[in-house]
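Geometric and topological summary
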Amino acid sequence: NAGVMQNPRHLVRRRGQEARLRCSPMKGHSHVYWYRQLPEEGLKFMVYLQKENIIDESGMPKERFSAEFPKEGPSILRIQQVVRGDSAAYFCASSPGVGGLHEQYFGPGTRLTVT
Amino acid sequence: DQQVKQNSPSLSVQEGRISILNCDYTNSMFDYFLWYKKYPAEGPTFLISISSIKDKNEDGRFTVFLNKSAKHLSLHIVPSQPGDSAVYFCAASALASGNQFYFGTGTSLTVIP
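Model, not experiment: these values are computed from the prediction.

1. What to know about the state of the cysteines
Chemically, a disulfide is nothing more than a covalent bond linking the sulfur atoms of two cysteines. Enumeration according to the criterion identifies two disulfides over all chains in this entry. In this model A:Cys23 forms its disulfide with A:Cys92; the gap between the sulfur atoms is 1.7 Å. Between A:Cys23 and A:Cys92 the sulfur-sulfur dihedral comes to about -40°; the bridge is accordingly left-handed. Pair noted here: A:Cys23 is in strand E3 (residues 19-24) and A:Cys92 is in strand E9 (residues 88-95), with a separation of 69 residues, a long-range link. Residue B:Cys23 pairs covalently with B:Cys90 via a disulfide, S to S 1.8 Å. Handedness here is read from the sign of the S-S torsion; for B:Cys23 and B:Cys90, about 65°, the answer is right-handed. Of this pair, B:Cys23 sits in strand E3 (residues 19-25) while B:Cys90 sits in strand E9 (residues 86-93), placing them 67 residues apart in sequence. Look at B:Cys23 and you get buried, because its relative accessible area is 1%.

Given below as structure tokens:
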């Protein structure tokens, strides 16, 4: 019974390149959330998705960031033209999400370093 | 705008004693609260939750207390064990706003053997 899986675990990109972070939710979970943790800060909500739908993207920067959760395959967080300030740990979480509030189960995170 | 605050960045406790981690929130619409535990290089793991209809929830050595009038919750760990050493995050959510969770900045707990 695999938990939430994220890959890669570590990603190094040069300024201006694109970063793609992948998240496979727990089996049976149809809700995915992305969080970012900057150094010395707590987790900040970025986006909440269900299959093929973005439900809430109020925490996403307006430019360069996008997220998707296709019908088949993992959820993808894409960061275009990365800058040094994008260096952070990006965590994905999933929940069954149906019928009220549920705890979210987190993946191990992807540590993005922009050089 | 930090809606969930953990004002103590770190806490040290002797093994066997009680650890008390505190969390304050500002949004009165929050009605579901959780505590997560995080080890280095791992994602947060769910520990315990409480809904606003309760003021206490207990699970083994872990108890969460909610004081709605003070907008304050706390996590008690008793007795504390060295394996409890980790960063603890509190999180809050409002059912009306879906499943978006707001996290505090975390408290690093060290349990001294």
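2. Topic: the interface of chain B and chain A
In this complex, chain B contributes 21 residues to the contact, which on the side of chain A involves 24 residues. Carbon and sulfur atoms supply 59% of the area that chain B and chain A bury against each other, a total of about 1,700 Å² over both sides. On the surface where chain B and chain A come into contact, there are zero salt bridges. For the pair chain B and chain A, the number of links is two residue pairs in polar contact (both at pLDDT 80 or more). Counting residues per element, the ones that place at least two in the side of chain B that touches chain A are strand E4 (32-38) and E9 of chain B. Class assignment of the residues belonging to the side of chain B that touches chain A gives a composition of ten nonpolar, eight polar and three charged.

3. Brief notes about the pattern of salt bridges
For side chains of opposite charge, pairing can occur when their charged atoms come near one another. This structure, assessed with the given rule, holds five salt bridges over all chains. A salt bridge links A:Glu18 to A:Arg20, with the shortest nitrogen-to-oxygen separation between them at 3.0 Å. Here A:Arg20 falls in the partly exposed class, since its relative accessible area comes to 40%. The salt bridge partner of B:Lys56 is B:Glu58, with a shortest N-O separation of 3.9 Å. Residue B:Glu58 is classed as exposed on the basis of its relative accessible area of 52%. What you see here is one network of salt bridges that share partners, running through A:Glu18, A:Arg20 and A:Arg78.

Calculation criteria
- For every chain, the first residue of the written sequence is number 1, and numbering continues from 1 along that sequence.
- Working convention: letters from A go to chains and numbers from 1 go to ligands, in the order in which they are written.
- Only residues with pLDDT of at least 70 are given local features in this predicted model, and only at 80 or more are side-chain atom pairs given and counted; all residues enter the totals for whole chains, interfaces and linings.
- Hydrogens and waters are ignored; side-chain quantities use all the structure's heavy atoms.
- To count as a disulfide, a pair of cysteine sulfur atoms needs to be within 2.5 Å.
- Under the DSSP-based scheme used, a helix requires at least four consecutive residues in state H or I and a strand at least two consecutive residues in state E, with every element numbered from the N terminus.
- Residue burial is assigned from relative accessible area. The probe radius is 1.4 Å, only protein chains are included, and a residue is buried under 20% of its type maximum, exposed over 50%, and partly exposed in between.
- Contacts: residue pairs with any heavy atoms within 4.5 Å of one another.
- Here the quantity called buried area is the accessible surface, traced with a 1.4 Å probe, that two parts lose on coming together, added over both.
- In the sections that follow, a salt bridge refers to a side-chain nitrogen of Lys or Arg positioned within 4 Å of a carboxyl oxygen of Asp or Glu.
- Between N or O atoms, a polar contact is any pair within 3.5 Å; within protein, one atom must be a potential hydrogen donor and the other a potential acceptor, and residues adjacent in sequence are included only when both atoms are from side chains.
- Lys, Arg, Asp and Glu make up the charged group, whereas Ala, Val, Leu, Ile, Met, Phe, Trp, Tyr, Cys and Pro make up the nonpolar group; the residues left over, Gly among them, are polar.

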